[in-house]
Amino acid sequence: MGNIVLLDDLTINKIAAGEVIERPASVIKEMVENSIDAGATNIVVEIKNGGISFIKITDNGKGIAQDDLEIAFERHATSKIRSADDLDTVTSMGFRGEALASIAAISNVELISKTQQQENGYKVVVEAGDILEKEIAPSSVGTSITVKYKFLKKDYTESGYIEDVITRIALVNPQIAFKLINNGKTVIQTNGNGDMKTVVYSIYGKTVAESISPVSYTYEDIKVDGVIGKPEIARSNRSNQLFFVNKRYVRDKVLTSATEQAYKGMIPLGKFGFVILNITIAPARVDVNVHPAKLEVRFQEENKIFQAIYHAIKDTLLKNEDKDGLFGNRNTNEKQIEEYTKRESEIKTNAQEKTYAFE
Ligand code: ADP
Ligand code: MG
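Predicted, not measured: the structure shown is a model, and the values here were computed from it. (Residues numbered from 1 in each chain as written. Chains lettered and ligands numbered in written order. Predicted model: local features only at pLDDT ≥ 70, side-chain atom pairs only at ≥ 80, totals over all residues. Heavy atoms only, no water.)

**What to know about the overall build of the protein**
Part 1: Of the regular secondary structure elements, the protein holds nine helices and 17 strands.
Part 2: Here the protein holds 359 residues, and 50% of them are scored as buried.
Part 3: Here the protein has roughly 17200 Å² of accessible surface; of this, 48% comes from carbon and sulfur atoms. (Helix = DSSP H or I, 4+ residues; strand = E, 2+ residues; numbered from the N terminus. Buried < 20%, exposed > 50% of the residue type's maximum accessible area, 1.4 Å probe, protein only. Areas by Shrake-Rupley, 256 points an atom, 1.4 Å probe, with all protein chains shown as cover.)

**Topic: helix α2 (residues 24–37)**
Part 1: Over its 14 residues, α2 runs 20 Å from end to end, which matches the ideal 20 Å to within 8%, given 1.5 Å per residue.
Part 2: Here α2 lies mainly inside the structure; 10 of its 14 residues are buried.
Part 3: Listing the buried residues of α2 in full gives Pro 24, Ala 25, Val 27, Ile 28, Met 31, Val 32, Glu 33, Ser 35, Ile 36 and Asp 37.
Part 4: Where the residues of α2 are buried, they touch β2 (42–48), β3 (54–59), α3 (99–105), β8 (142–148), α4 (158–172) and β9 (177–182).
Part 5: Just downstream of α2, Gly 39 is the residue with a positive phi angle, here 80°. (Expected span 1.5 Å × (residues − 1). Contact = heavy atoms within 4.5 Å.)

**Some thoughts on the packing of aromatic side chains**
Part 1: Enumeration over the complete set of coordinates arrives at two aromatic pairs.
Part 2: Between Tyr 204 and Phe 274, the aromatic rings sit 5.1 Å apart at their centres with planes inclined by 85°, giving edge-to-face as the arrangement. You can see Tyr 204 sitting in helix α5 (residues 196–204) and its partner Phe 274 sitting in the loop between α7 (253–263) and β15 (275–280), a full 70 residues away along the chain.
Part 3: The class of Phe 274 is buried, set by a relative accessible area of 1%.
Part 4: Between Arg 168 and the ring centre of Tyr 249, over which it is positioned, the NZ or CZ distance is 4.0 Å. (Phe/Tyr/Trp six-rings, centres within 6.5 Å; stacked < 30°, edge-to-face > 60°. Lys NZ or Arg CZ within 6 Å of the ring centre and 35° of its normal.)

**Observations concerning the sheet that holds β8**
Part 1: With mixed pairing, the eight strands of this open sheet are ordered in space as β7-β6-β5-β8-β3-β2-β9-β10. The sheet is open, and its two borders are formed by β7 (130–137) and β10 (185–189), each paired with just one other strand. The sheet shows a mean angle of 15° between the axes of neighbouring strands, direction not considered.
Part 2: In this sheet, β3 lies alongside β2 in antiparallel orientation, the contact comprising six bridges. Bridge pairing in β3 places Ile 43 opposite Asp 59.
Part 3: α2 rests against β2, β3, β8 and β9 of the sheet, and its axis sits at about 10° to β3. (Pairing = 2+ DSSP bridges. Axes fitted to C-alpha atoms, helices over the stretch in contact; angles between N-to-C directions.)

**What about the packing of α2 against α4?**
Part 1: Running from N to C, α2 and α4 cross one another at 25°; their axes reach a closest spacing of 9 Å. Classed by the angle they form, the pair α2 and α4 counts as roughly parallel. For the crossing formed where α2 meets α4, the hand is right-handed. Contacts between α2 and α4 involve Pro 24, Ala 25, Ile 28, Lys 29, Val 32 and Ile 36 from the former and Glu 158, Tyr 161, Ile 162, Val 165, Ile 166 and Ile 169 from the latter.
Part 2: Across the contact of α2 with α4, the residue classes tally to 10 nonpolar, no polar and two charged. (Parallel < 35°, antiparallel > 145°, perpendicular 65-115°, else oblique. Left-handed = near helix turned anticlockwise from the far one by under 90°. Nonpolar A, V, L, I, M, F, W, Y, C, P; charged D, E, K, R; others polar.)

**Some thoughts on the site of ligand 1**
Part 1: Of all residues adjacent to ligand 1, which total 20 residues, the nearest are Asn 34, Thr 78, Ser 79, Lys 80 and Gly 97.
Part 2: Take Ser 79: an N or O atom from its side chain is 2.6 Å from an oxygen atom of ligand 1.
Part 3: Within the backbone of Ala 99, one N or O atom sits 3.2 Å away from an oxygen atom of ligand 1.
Part 4: Protein coverage of the free-state accessible area of ligand 1, which is 530 Å², stands at 95%.
Part 5: Elements supplying a minimum of two residues to the shell around ligand 1: α2, β4 (77–78) and α3.
Part 6: Each residue belonging to the shell around ligand 1 can be placed in one class, and the counts come to eight nonpolar, eight polar and four charged. (Near = heavy atom within 4 Å. Polar contact = N/O pair within 3.5 Å; in protein donor to acceptor, adjacent residues only side chain to side chain.)

**As for the sheet that holds strand β13 (residues 241–245)**
Part 1: The strand order β11-β12-β15-β13-β14 describes an open sheet built from five strands, whose pairing is mixed. Here the strands that pair on one side only, and so sit at the sheet edges, are β11 (212–219) and β14 (248–250). Geometrically, the sheet is characterised by an average inter-axis angle of 20° between neighbouring strands, direction not taken into account.
Part 2: Contacts from α4 reach β13, β14 and β15 within the one sheet, and its direction differs from that of β13 by about 60°.

**Here we look at the packing of α4 against α5**
Part 1: One way to put it is that α4 packs onto α5 with a least axis distance of 8 Å and a crossing angle of 155°. On the basis of their axis angle, the class for α4 and α5 is roughly antiparallel. Contacts from Thr 167, Ala 170 and Leu 171 in α4 reach Met 196, Val 199, Val 200, Ile 203 and Tyr 204 in α5.
Part 2: Grouping the constituent residues of the contact of α4 with α5 by class yields seven nonpolar, one polar and no charged.

**Structural notes on unusual backbone geometry**
Part 1: Positive phi, normally seen in glycine, also occurs at Asn 183, with a value near 50°.
Part 2: On the secondary structure map, Asn 183 appears in the loop between β9 and β10.
Part 3: When its relative accessible area of 53% is taken as the criterion, Asn 183 is described as exposed.
Part 4: Although it is not a glycine, Glu 220 sits at a positive phi angle of roughly 50°.
Part 5: You can call Glu 220 exposed: its relative accessible area is 57%.

**Description of α7**
Part 1: Counting buried residues in α7 gives nine out of 11 residues, a clear majority hidden from the surface.
Part 2: Inspection of α7 places Val 254, Leu 255, Thr 256, Ser 257, Ala 258, Thr 259, Gln 261, Ala 262 and Tyr 263 among the buried residues, and these make up the whole buried set.

Here it is, written out as structure tokens:
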């Protein structure tokens, strides 16, 4: 029996992105998120020509039931929510039911899938939104999707964007083994052992991996997890500051501002700490619906988020300084803590007035 339903108009209007997913990097992001939602522990992404003409994503997730294969390509067809009420509790990466429809509208898609319950796997071929064929096809449990298309404009920078997409997703999903293959060459590979530090090692190398500390911090109903770097590996740009909210990559100045404040005094002006942090917060308290493609979020309580990030980083930095001055002994601990407490009221005001140090 299938699981996918068409959403009603009310729900559609509430969540509609109206986004056409065109870029290879966006196609890959959507498909990998589907694999994650399907519970995959192993995801392989293969691209050719920088993803301009060929993309293949293979996962070992739960698969798509045979009777769901056609409806999966309909607009607003999803197995993840039933109505707008579910938006307050939804924890899956997707829920709009638009990605497959949007991708199939502009490309040739071959999808092969098998569920645990089925004896056989099935293959569907979809082009310009039409199902061209459906037949039994050998498959293990899981899904593989091959997307072929002709882009008029060749964009040779696309593989860089694709690497960024996989890097971010891999970092925040250390329990999943990822592999990105570009023109037959493996460019990213993680082992899925559940440890973010191992993923950092795979992506950024040994030196960085040896200069980070795990963060696990709870501030009221907000949980902050991830890793932060020693002052030594601070960079002159923010490329190594990645923030996630419920495992979605976001850009938000409350987060970067809190980070800047927390590192203040430990790294020189104009340098930015290495920070990879995931904020876990009740879905009802954050609107990920603001603009799905533009990576914006709207927090209900910005000040609280600011505090959570600030304290999570500061505490980890101070804790590490405790240990034989690992994080550089610029100040004595006592002095640091004193200064830290003093600065707190100032920070609170800053966050409330939204007078951030930049932008
Ligand atoms: P959404 O993810 O918002 O539900 P999509 O268009 O991305 O919408 O996918 C439609 C449906 O197809 C999903 O709800 C899911 O049931 C199914 N699906 C897509 N990709 C996969 C996959 N890799 N594994 C299992 N099911 C999938
Ligand atoms: Mg999806």
